[in-house]
Amino acid sequence: MAARALILFAHGARDARWREPFDRLRTRLAAQQPAVDVRLAFLELMTPDLPSTIDELAAAGTQRVTIVPVFFGQGGHLRRDLPALVAQCVQAHPTLSIHCADAVGEDDGVLDAIAGYCARQLG
């Protein structure tokens, strides 16, 4: 049991291959943070969803959960759907500390990494 968990929250897609980069990201983070239970959860079209992931973590005795939306920006899903899901999870697990970060695409370091990748493609 890990006291802390990190949930990478992504949209989901019908094509199973879509999740491959998210699986690689989860694997990297788990290797970098061995004391943290790193999970994936999806808004739709893929499993697991966020509530069932948090249910599992709570049942395992996790005390603190950080949700990181692996979205490029703050669209409707992050402004409406995610807060509703988080509120549902907080209500279901009032003793669990749940924090939701901004979308990864809102971070300047992420944007710098993407800009660097794009510049390298110029050859």
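You'll find the structure just up there.
Summary of the structure given here. Keep in mind that what you see is a predicted model, and the values were worked out from it rather than measured.

Calculation notes
All residue numbers here refer to positions counted from 1 along the written sequence of the relevant chain. Under the rules for a predicted model, residues below a pLDDT of 70 receive no local features and side-chain atom pairs below 80 are neither given nor counted, while totals for whole chains, interfaces and linings still include all residues. Side-chain measures here rest on the full set of heavy atoms in the structure, leaving out hydrogens and waters. Going along the chain from the N terminus, every DSSP run of H or I of four or more residues is numbered as a helix, and every run of E of two or more is numbered as a strand. The globule rule used for comparison is 2.2 Å times the number of residues to the exponent 0.38, while the radius of gyration itself is calculated over C-alpha atoms. Burial classes: relative accessible area under 20% of the type maximum marks a residue as buried, over 50% as exposed, and values in between as partly exposed (1.4 Å probe, protein chains only). Here, residues are in contact when the closest pair of their heavy atoms is within 4.5 Å. Areas reported here follow the Shrake-Rupley algorithm with a probe of radius 1.4 Å; residue values treat only the protein chains shown as occluding. Only four residue types enter the tally: Lys and Arg on the positive side, Asp and Glu on the negative side; His and the chain ends are excluded. Positions of charges follow a simple convention, taking NZ of Lys, CZ of Arg, CG of Asp or CD of Glu. Put simply, a patch holds well-exposed residues, over 30% relative accessible area, that have no salt bridge, with like charges counted together within 9 Å and Val, Leu, Ile, Met, Phe, Trp or Tyr side chains within 5 Å. A pair is scored as a salt bridge if a Lys or Arg side-chain nitrogen falls within 4 Å of a carboxyl oxygen belonging to Asp or Glu.

### Structural notes on the overall build of the protein
If you tally the helices and strands in the protein, you get four helices and four strands. Each helix and strand of the protein, ordered N terminal to C terminal, gives the series β-α-β-α-β-α-β-α. A compact globule built from 123 residues would reach a C-alpha radius of gyration of about 14 Å, and the protein, at 15 Å, matches this within 12%. With respect to the principal axes defined by its C-alpha atoms, the protein has extents near 50 × 30 × 30 Å. Classification of the 123 residues of the protein by burial places 34% in the buried group. Sequence separation of 24 or more characterises 74% of the internal contacts of the protein that already satisfy a separation of 6 or more. Roughly 7,500 Å² of accessible area belongs to the protein as shown, and the carbon and sulfur atoms make up 53% of that amount. Across the protein, the centroid of the 12 positively charged side chains sits 4 Å from that of the 14 negatively charged ones.

### Quick notes on the environment of Ala101
Counting through the fold element by element, Ala101 comes out in the loop between β4 (97-100) and α4 (108-120). The spacing of Ala101 and Pro69 is 32 residues in sequence and 6.9 Å in space, taken between C-alpha atoms. Not counting residues up to four positions away in its chain, the partners in contact with Ala101 are Ile67, Val68 and Pro69.

### A few points about a nonpolar patch on the surface
Together, Phe72, Leu111 and Ile114 line one region of the surface with nonpolar side chains, adding up to about 270 Å² of accessible area. The residue Leu111 is located in helix α4 in this model.

### Considerations on the pattern of salt bridges
Inspection of every chain in the model, using the stated rule, returns four salt bridges. One salt bridge connects Arg19 with Asp23, and the closest N-O pair in it is separated by 3.1 Å. Taking the shortest distance from any N to any O, the salt bridge between Asp37 and Arg39 comes out at 3.0 Å.

That's the geometry; what it means functionally is another story.
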